[in-house]
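Summary of the model geometry
Next come the chains, spelled out residue by residue.
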Amino acid sequence: VQGGKMKIIYDFKSWLKFGFYLALCLGIGLVIASIAKADSTEEQNKAAVRRLIDEIYHKGNMAIFDEIVADNAVLHDNERTIESLEMAKRQIRMVLNRYRNIQITIEDMIAEGDMVAARSTFRGVFRQNGKSLISPSITISKFKDGKIIEVWRAFDIANIFRQLGIPPPPQQ
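First things first, this report covers the structure right here in the doc. (Residues numbered from 1 in each chain as written. Predicted model: local features only at pLDDT ≥ 70, side-chain atom pairs only at ≥ 80, totals over all residues. Heavy atoms only, no water.)

**Structural notes on the sheet that holds strand E6 (residues 147-155)**
For clarity, the threshold we go by: Whether two strands pair depends on DSSP finding at least two bridges between them. Runs of E in the DSSP output that reach at least two residues are strands. Runs of H or I that reach at least four are helices, and both are numbered from the N terminus. For helices, the axis comes from a line fit to the C-alpha atoms of the stretch in contact; other axes are also lines fit to C-alpha atoms, and the angle between any two N-to-C directions lies between 0 and 180 degrees. Every residue pair with non-hydrogen atoms within 4.5 Å of one another is taken to be in contact.
Read across the open sheet, the six strands follow the order E2-E1-E6-E5-E4-E3; overall the sheet is mixed. The open sheet terminates on both sides in strands that have one partner only, identified here as strand E2 (80-82) and strand E3 (99-112). Put simply, the sheet's adjacent strands are angled 20 degrees from each other on average, direction ignored. Strand direction decides the pairing type here: strand E1 (residues 69-77) and E6, joined by five bridges, are parallel. Bridged to Val 74 within E6 is Glu 150. Packed onto the sheet, helix H4 (residues 157-164) meets E3, strand E4 (115-126), strand E5 (132-144) and E6 and runs at close to 150 degrees relative to E5.

**Details of the pairing of E3**
In terms of strand pairing, E3 meets E4 through 11 bridges, oriented antiparallel. Within E4, the residue paired with Tyr 99 across the bridge is Phe 126. Hairpin connection between E3 and E4: a loop of two residues separates the two successive antiparallel strands, and Gly 113 in this loop has a positive phi of roughly 60 degrees.

**A look at the environment of Asn 45**
Keep this limit in mind: Buried means the residue's accessible area, taken with a 1.4 Å probe over protein chains only, is under 20% of the maximum for its type, while exposed means over 50%, and partly exposed covers the values in between.
Locating Asn 45 in the fold gives a position in helix H1 (residues 12-58). Residue classification places Asn 45 among the buried residues on the basis of a relative accessible area of 4%. Taking the C-alpha atoms as reference points, Asn 45 and Lys 147, 102 residues apart in sequence, are found 8.1 Å from one another. When neighbours within four sequence positions are excluded, Asn 45 is seen to be in contact with Gly 113, Asp 114, Val 116 and Phe 143.

**A short note on the packing of aromatic side chains**
So the rule is basically this: Stacked, tilted and edge-to-face are the three classes applied to pairs of Phe, Tyr and Trp rings, where Trp contributes its six-membered ring and a pair requires centres within 6.5 Å; stacked means planes under 30 degrees apart, edge-to-face means over 60, and tilted covers the rest.
For the structure shown, the criterion picks out two aromatic pairs. Where Tyr 99 meets Phe 122, the ring centres are 5.3 Å apart and the plane angle is 80 degrees; that geometry is what we call edge-to-face. Of this pair, Tyr 99 sits in strand E3 while Phe 122 sits in strand E4, and the two are 23 residues apart along the sequence. In this pair, the class of Tyr 99 matches that of Phe 122, namely buried. Judged by centre distance (5.4 Å) and plane angle (50 degrees), the ring pair of Tyr 99 and Phe 126 falls under tilted. Taken together, the positions of Tyr 99 in strand E3 and Phe 126 in strand E4 put the pair 27 residues apart, joining distant regions of the chain. In this structure, Tyr 99 and Phe 126 share a single accessibility class: buried.

Any functional reading would require information that these geometric values do not contain.
See the structure below:
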């Protein structure tokens, strides 16, 4: 230090170290930022699935369907594929009309990239005979631009008919 000023001497090795550490910090920052963005998108997708279940099945708000599900979405239930959103909406309305005291509990939910997997349990009372139903299912939803574009759902249909005490429809 001379005259209150610090004299800084830089050599080539110091610059290399500085450049390396700067690049390392910037690289780590970019990785953290991309992870945070991915986590944010995954959390948003999980929130959309929770909201869809809550609004439709717990509050009866079908308007949310069009907000969260893309117009060209494809829905797979067990071995069936439903490519018409109107048909999917009819099925949801049928469930809402056939059961009372519906409660869907999300037991586990995992998101990775554009996919959200949920293990849930449907509980309700069948209006026709007053029997309670408890039906677990697995649902995988694929997202694009914040909307569901494809859904795969698996549940035990034979168990549902058995619990309700009604014969299953004939297999085709």
